[in-house]
Amino acid sequence: MFRSNRVTRNANAVITGAGSGIGRAFALELAARGGAIVCSDIDEAQAQATVERIVAAGGKALAVRCDVTQLADVQALAQTSEDWFGGPADLVINNAGVGAGGHHIGDMTMADWRWVLDINMWGVIHGCHVFAPRLRAAGRGGLINVASTASFAAAPRMGAYNASKAAVLAVTETLAAELADTSVHVCALCPTFVQTNIMKAGRISPASSKFADNLMRWAGVSPERVVKSALAGLDRRQLYVLPQFDARLVWRLKRLLPSSYTKGAGFIDRFAANDMPETNHATDSESTRSRTGAM
Ligand SMILES: NC(=O)c1ccc[n+]([C@@H]2O[C@H](COP(=O)([O-])OP(=O)(O)OC[C@H]3O[C@@H](n4cnc5c(N)ncnc54)[C@H](O)[C@@H]3O)[C@@H](O)[C@H]2O)c1
């Protein structure tokens, strides 16, 4: 089959967290571009639902259960994908992630810190550890790590999420340098607010959830829009994709005026606290319950 120079066309793609939101949008878009897609998720039924949408539209996809916190799961995902594709993946998207916020550092429980870092940071480390050598051996292809504007924004009450996404950015930049002598393109996607299930499934303190919902409603864009920007960025060989104006604004402010930026973030935190009357101090013996009740 003719294979375009663009890695996003006719790609044999593996996506984590493909059962919802941005991961599902990546799967649908890449399938529409002629790709064969392995849709993996910890929630196999949701991954299967994505596959059914692709197949109904005439595309090719396979659902695989994979918990990205488990290295063995990610290794099995790579093997299953290679068997199904009949060769290595062209494109890997480390997307699975969760949200958490609402507590200052010291108030967020250790259990919540570990939950976020386990999925967001270790999930991406596992994905890079398993797939980078395969991409290097193939000598071509692409890898997108779904980071966030939180990778560099350092917004208060989001310490664990910020730390996890800063790690994702550092890993992505390191990998890009290490693969610079190959034709493998590496990219960090850094959105601000995207209308997905992340708030519903996340561990957001009750006091912050109304504020977060409002931000999401007013500032959030569709996952489809973010995915199109990411794929265009990858095809242009961009290392960073900042798909929204506010992401680009924060990026520049943080670099131009780092100290003033941080003071401003603190001021906004105190101002926003007026919108969050009940300050929620979680204890280390309990974690913030996700709003779906699932932990
Ligand atoms: N929505 C936003 O505003 C936003 C902004 C910036 C970055 N992001 C990032 O985008 C990525 C996708 O999030 P989303 O917004 O689409 O959320 P989402 O909740 O809609 O989708 C996340 C998916 O990840 C899966 N998942 C959770 N834990 C997993 C695990 N251990 N192993 C495998 N899969 C797991 C979930 O089942 C779900 O299908 C995340 O990394 C998130 O941090 C989201």
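Conventions we followed
Residues numbered from 1 in each chain as written. Predicted model: local features only at pLDDT ≥ 70, side-chain atom pairs only at ≥ 80, totals over all residues. Heavy atoms only, no water. Near = heavy atom within 4 Å. Polar contact = N/O pair within 3.5 Å; in protein donor to acceptor, adjacent residues only side chain to side chain. Areas by Shrake-Rupley, 256 points an atom, 1.4 Å probe, with all protein chains shown as cover. Helix = DSSP H or I, 4+ residues; strand = E, 2+ residues; numbered from the N terminus. Nonpolar A, V, L, I, M, F, W, Y, C, P; charged D, E, K, R; others polar. Axes fitted to C-alpha atoms, helices over the stretch in contact; angles between N-to-C directions. Parallel < 35°, antiparallel > 145°, perpendicular 65-115°, else oblique. Left-handed = near helix turned anticlockwise from the far one by under 90°. Contact = heavy atoms within 4.5 Å. pLDDT = per-residue confidence, 0-100. Core = buried A, V, L, I, M, F, W, Y, C linked by side-chain atoms within 4.5 Å. Buried < 20%, exposed > 50% of the residue type's maximum accessible area, 1.4 Å probe, protein only. Pairing = 2+ DSSP bridges. Right-handed = clockwise from strand over helix to strand, strands pointing away. Salt bridge = Lys/Arg side-chain N within 4 Å of Asp/Glu carboxyl O. Disulfide = S-S within 2.5 Å.

Close contacts around the ligand come from 29 residues, with Ser20, Asp41, Tyr161, Thr192 and Thr196 the closest. The side chain of aspartate 41 places a nitrogen or oxygen atom 2.6 Å from an oxygen atom of the ligand. Between aspartate 67 and the ligand, the recorded distance is 2.9 Å, taken from a side-chain N or O atom to a nitrogen atom. Here the ligand, which alone exposes 830 Å², has 93% of that area covered by the protein. Those elements that place two or more of their residues in the shell around the ligand are α1 (21-32) and α6 (159-178). Broken down by class, the residue content of the shell around the ligand amounts to 15 nonpolar, 11 polar and 3 charged.

Packing of α1 against helix α9 (residues 223-235) brings their axes to within 9 Å, and their N-to-C directions diverge by 60 degrees. With respect to α9, the axis of α1 lies oblique. Where α1 crosses over α9, the handedness of that crossing is right-handed. Side by side, α1 and α9 meet where Gly21, Ile22, Ala25, Phe26, Glu29 and Leu30 of the first sit next to Pro223, Glu224, Val227, Lys228, Ala230 and Leu231 of the second.

With 91% of its residues at a pLDDT of 70 or more, the protein chain has an overall mean of 92. In the predicted structure, residues 289-295 sits below a pLDDT of 50 and forms 18 contacts with residues beyond four places in sequence or in another chain.

Before going further, it helps to spend a moment on the nonpolar core. Counting 44 residues, the largest nonpolar core has Val14, Leu77, Phe131, Leu143, Phe152, Leu175 and Cys190 as its most contacted members. When contributions to this core are tallied by element, the ones reaching two or more residues are β2 (36-41), α3 (71-85), α4 (110-138), α5 (150-153), α6, β7 (183-189) and α10 (245-256). No other element matches α4, which puts 10 residues into this core. Ala47, Ile54, Ile93 and Val241 belong to the second largest nonpolar core, which has 32 residues in total.

The next thing to look at is the pairing of strand β3 (residues 60-65). Here β2 runs beside β3; their pairing, made up of 6 bridges, is parallel. Looking at β3, one finds that cysteine 39 is bridged to alanine 63. For the crossover that starts at β2, traverses helix α2 (residues 44-56) and ends in the parallel β3, the hand is right-handed.

Here we come to the pattern of salt bridges. What the rule picks out here adds up to 8 salt bridges. Residue glutamate 29 pairs with lysine 228 through a salt bridge whose shortest N-O separation is 3.9 Å. In this pair, glutamate 29 sits in helix α1 while lysine 228 sits in helix α9, placing the two residues 199 residues apart along the sequence. On the accessibility criterion, glutamate 29 (19% relative accessible area) is buried. The salt bridge partner of aspartate 181 is arginine 136, with a shortest N-O separation of 3.6 Å.

Right, let's get into the state of the cysteines. Working definition of a disulfide: a covalent bond connecting the sulfur atoms of two cysteines. Considering all chains together, one arrives at 0 disulfides under this definition. Sulfur of cysteine 66: no disulfide; nearest cysteine sulfur belongs to cysteine 39 and is 13 Å away. By relative accessible area, cysteine 66 is classed as buried at 3%. Just so you know, cysteine 187 is unpaired, no disulfide at all, and the nearest cysteine sulfur is the one on cysteine 190, 8.0 Å from it. By relative accessible area, cysteine 187 is classed as buried at 0%.

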